[in-house]
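Structure at a glance
Here are the chains, one letter per residue:
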Amino acid sequence: MKNNTQDIMDEIAESQKRFYQGKFQRYGDAPQSLSWNDKNSQYLRFQKIAELFRYDHSAQFSIHEIGCGLAHFHEFLKGYPASISYSGSDIVDEFIEADKVKFPECSFWIENISKDLKAINPSVKGYDYYCLNGTFHTKEQNPQGEWEKFVFHSTANMFAMAKKGICINFLTSYSDFYDPNLYYADPKEILEWCVTNCSRFISISHDIPLYEFFVYIYKEDFIKAAFPEFPKYFKE
């Protein structure tokens, strides 16, 4: 019996680990190991995640990818005009071992973002940006209510660790196909939770052919610095 939130988080993490280990054993270093159909759709998602940087005009900043998988996002970011320091974490040992071999210039950790915030490795904390791509899609046999606890607890941890902002994505409830093993989120409910629990500085993008949407949540101090001509709209 699951007695508390952490028991739920731990059980979900184990189910996710088994799911992606099976994918990796079958497909190896390919988008399908991350449960993506192909590289085209994977890179379309990467383009959307990179919109997180829209207000950042600095020449260099850092991003940590939660559930980094095989670090394909790092490959994508090599074409970005700014100098981006990339690091990643995942619960799947095989992914992290492969990433360390492929990208020795980057730092990777085995870490569970849904743990209690104080228990998370300090090396995973304090980056400018955090992103998470697809981790909230595949709930498998986990009950809906428990999965949502996992989603919101993980999002709160990401936002607490970030200096500037985070990006997460969801399958949308505005879909014409539903798989009981997947989690479809209502954009209105996600917006309400984010405003109530994180920040009012939020953008939701629901504009690509895929049946999913992206959520960008920013720290108030970062947005204040990005828009210095509007001081009256910020807290003293």
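These numbers were taken from a predicted model, which means no experiment stands behind them.

**Focus: the pattern of salt bridges**
Taken as a whole, this structure holds 8 salt bridges when the rule is applied. Between aspartate 207 and lysine 48 there is a salt bridge; the shortest N-O distance is 2.9 Å. In this pair, aspartate 207 is assigned in the loop between strand S7 (202-205) and strand S8 (212-218) and lysine 48 in helix H2 (residues 39-50), connecting sequence segments 159 residues apart. Under the relative-accessibility criterion, lysine 48 is labelled buried at 4%. The network of salt bridges with shared partners includes Lys48, Glu51 and Asp207.

**Let's talk about the packing of helix H1 (residues 5-27) against helix H4 (residues 93-102)**
As a packed pair, H1 and H4 sit with axes 9 Å apart at the nearest point and diverge in direction by 50°. Classed by the angle they form, the pair H1 and H4 counts as oblique. Taking contact as the criterion, the partners of Lys17, Tyr20, Gln21 and Phe24 in H1 are, on H4, Asp93, Glu94 and Phe95. The class makeup of the residues in the contact of H1 with H4 is 3 nonpolar, 1 polar and 3 charged.

**Concerning empty space enclosed by the protein**
For the structure shown, the criterion picks out 1 cavity of 30 Å³ or more. Considered as a void within the structure, the largest cavity measures approximately 350 Å³ in volume. Taken together, 28 residues form the lining of the largest cavity, with Ile66, Gly67, Cys68, Asp90 and Thr135 sitting closest to its centre. A per-element tally of the lining of the largest cavity places H1 first, with 3 residues. Split into classes, the residues belonging to the lining of the largest cavity amount to 15 nonpolar, 10 polar and 3 charged.

Thresholds, definitions, all that
- Residues numbered from 1 in each chain as written.
- Predicted model: local features only at pLDDT ≥ 70, side-chain atom pairs only at ≥ 80, totals over all residues.
- Heavy atoms only, no water.
- Salt bridge = Lys/Arg side-chain N within 4 Å of Asp/Glu carboxyl O.
- Helix = DSSP H or I, 4+ residues; strand = E, 2+ residues; numbered from the N terminus.
- Buried < 20%, exposed > 50% of the residue type's maximum accessible area, 1.4 Å probe, protein only.
- Axes fitted to C-alpha atoms, helices over the stretch in contact; angles between N-to-C directions.
- Parallel < 35°, antiparallel > 145°, perpendicular 65-115°, else oblique.
- Contact = heavy atoms within 4.5 Å.
- Nonpolar A, V, L, I, M, F, W, Y, C, P; charged D, E, K, R; others polar.
- 1 Å grid on protein atoms, 1.4 Å probe; cavity = no way out; pocket = protein on both sides within 12 Å on 5 of 7 lines; lining within 4 Å.
- Points joined across faces, edges and corners; volume = space filled by probe spheres on them.

Remember that the coordinates give geometry; whether it matters functionally is a separate question.
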